[in-house]
Amino acid sequence: MRICYLGPQGTFSEKALLIYTKDIKKCDIEEVSSIPDIISRLSSNACDEAIVPIENSIEGSVNVTLDMLINDAEDLMIKGEIIIPISHCLIACDFIDLSNIRYIISHPQALAQCRQFIKENIPQARLITAESTAKAVLEAKYKGTAAAIGNERSAEIYGMKILTRDIQDVKENYTRFIVLSHKDSEITGNDKTSLVFSVSNTPGSLYKVLGVFADENINMTKIESRPSRRKFGEYVFWVDIEGHRCDNHIVTVLNKLNGKTDFLKILGSYPKFK
Ligand SMILES: O=C(O)C(=O)Cc1ccccc1
């Protein structure tokens, strides 16, 4: 089996990957440099599974992941989730201190999670985005006058100094990653299901869909709206619910949703992360 993740080594995605693969006997690991590339590699069968970030407890959803799953990745399904704590470090070359940092480089989610720290401690720095936090550490290494935001392991791997630890604006910071494949997971009895749907632009249409979950006593763990990309002011809804799509009560719900939605796509069922 071949699994790809957002590389290079030392990303938070790699941490999630190591948790996911700890019980898998044999797998090839491939680092890929962006989320769209990961999804297209999986779609073209260049790998069997992929791990991508989907949401963060401070910053919310990773829109590129949501949008590609809603609009592009026709045949992909979610087969797992991994939730990890995120602690960000300010990382730079040996000769750098807070006063001579000219640029701060990181993944947009990491820059956003440390906004307050940057404003208070390094107001002179210009922000530069990178495709991953570990890539940012490498870029800071070659730029010299820059610092990167990343994790402890990335500083170690690339021989860089940690200037400050735990710099995220909210100390309790978690990111949820999903495992994508061509097939979702079997029932375990403690599962979740992700789906996307759209409703007509008429009074009560979303309320009626949510009413189906309420009537069947189904707990919703996430709801997010994204622009439909077809018409301004039109949205699709991403919903996570507790239960597996093959559980009897979820089958009932999905049948009822068919009559109340304009479009419905089941993204997959998978065990809840413990
Ligand atoms: O860039 C990384 O390390 C990633 O895995 C994406 C990411 C960025 C910031 C917080 C969590 C995940």
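Residues numbered from 1 in each chain as written. Predicted model: local features only at pLDDT ≥ 70, side-chain atom pairs only at ≥ 80, totals over all residues. Heavy atoms only, no water.

## Side note on the domain arrangement of the protein
Along its sequence, the protein is organised into domain 1 (2–86 + 173–181), domain 2 (89–164) and domain 3 (191–271). One C-alpha centre belongs to domain 1, the other to domain 2, and the line joining them spans 23 Å. Taken residue by residue, the interface counts 19 residues in domain 1 and 17 residues in domain 2. Connecting domain 1 to domain 2 are 2 salt bridges. Put simply, E59 and R115 hold a salt bridge, and the shortest N to O gap is 3.7 Å. Between the two partners, domain 1 and domain 2, sit 6 residue pairs in polar contact (both at pLDDT 80 or more). For the side of domain 1 that touches domain 2, the secondary-structure elements that each account for two or more residues are α1 (12–20) and β4 (60–61). Grouping the constituent residues of the side of domain 1 that touches domain 2 by class yields 6 nonpolar, 10 polar and 3 charged. (Domains from an automatic or database assignment. Contact = heavy atoms within 4.5 Å. Salt bridge = Lys/Arg side-chain N within 4 Å of Asp/Glu carboxyl O. Polar contact = N/O pair within 3.5 Å; in protein donor to acceptor, adjacent residues only side chain to side chain. Helix = DSSP H or I, 4+ residues; strand = E, 2+ residues; numbered from the N terminus. Nonpolar A, V, L, I, M, F, W, Y, C, P; charged D, E, K, R; others polar.)

## Description of the UniProt feature "domain: Prephenate dehydratase" (unreviewed entry) in the protein
Per the UniProt entry, the sites bearing "domain: Prephenate dehydratase" (unreviewed entry) are residues 2–182 in this numbering. The distance separating the terminal C-alpha atoms of residues 2–182 is 13 Å; by composition the span is 31% helix and 32% strand. (UniProt positions renumbered as here; feature names shortened; annotations may be inferred.)

## Some remarks on the sheet that holds strand β10 (residues 161–164)
As a general point, the strands of a sheet are linked pairwise by backbone hydrogen bonds and lie either parallel or antiparallel. Strand order across the open sheet formed by 5 strands is β8-β7-β9-β6-β10, with mixed pairing between neighbours. The sheet is open, and its two borders are formed by β8 (126–129) and β10, each paired with just one other strand. Averaged over all adjacent pairs, the angle separating strand axes in this sheet is 35 degrees, with direction ignored. Alignment of strand β7 (residues 103–106) against strand β9 (residues 146–150), held across 3 bridges, turns out to be parallel. Bridge pairing in β9 links I104 to A147. Against the sheet, helix α6 (residues 133–143) engages β6 (89–92), β7, β8 and β9, with an angle of about 165 degrees to β9. (Pairing = 2+ DSSP bridges. Axes fitted to C-alpha atoms, helices over the stretch in contact; angles between N-to-C directions.)

## Focus: the site of the ligand
In the region of the ligand, the neighbouring residues are L6, T11, F12, S13, I86, H107, Q109, A110, Q113, S132, T133 and T175. F12 places a main-chain nitrogen or oxygen 2.8 Å from an oxygen atom of the ligand. Between the ligand and T133 there is a distance of 2.5 Å, counted from an oxygen atom to a side-chain nitrogen or oxygen. Out of a free accessible area of 320 Å², the ligand has 99% covered by protein chains. Of all the elements in the fold, those that place two or more residues in the shell around the ligand are α1 and α4 (108–113). Shared between two domains, the shell around the ligand holds at least three residues of each, these being domain 1 (2–86 + 173–181) and domain 2 (89–164). (Near = heavy atom within 4 Å. Areas by Shrake-Rupley, 256 points an atom, 1.4 Å probe, with all protein chains shown as cover.)

## Things to note about the pattern of salt bridges
Summed over the entire model, instances satisfying the criterion amount to 19 salt bridges. Note that E131 and K135 form a salt bridge whose closest N and O atoms lie 3.1 Å from each other. Its relative accessible area of 28% is what places K135 among the partly exposed residues. E216 is paired through a salt bridge with K256; the nearest N and O atoms lie 3.1 Å apart. With E216 in the loop between α8 (205–215) and β13 (220–227) and K256 in helix α9 (residues 248–258), this residue pair connects regions lying 40 residues apart in the sequence. Look at K256 and you get partly exposed, because its relative accessible area is 37%. Three or more residues are tied together by salt bridges with common partners; here these are E55, E81, R176, K192, K222, E224 and D240. (Buried < 20%, exposed > 50% of the residue type's maximum accessible area, 1.4 Å probe, protein only.)

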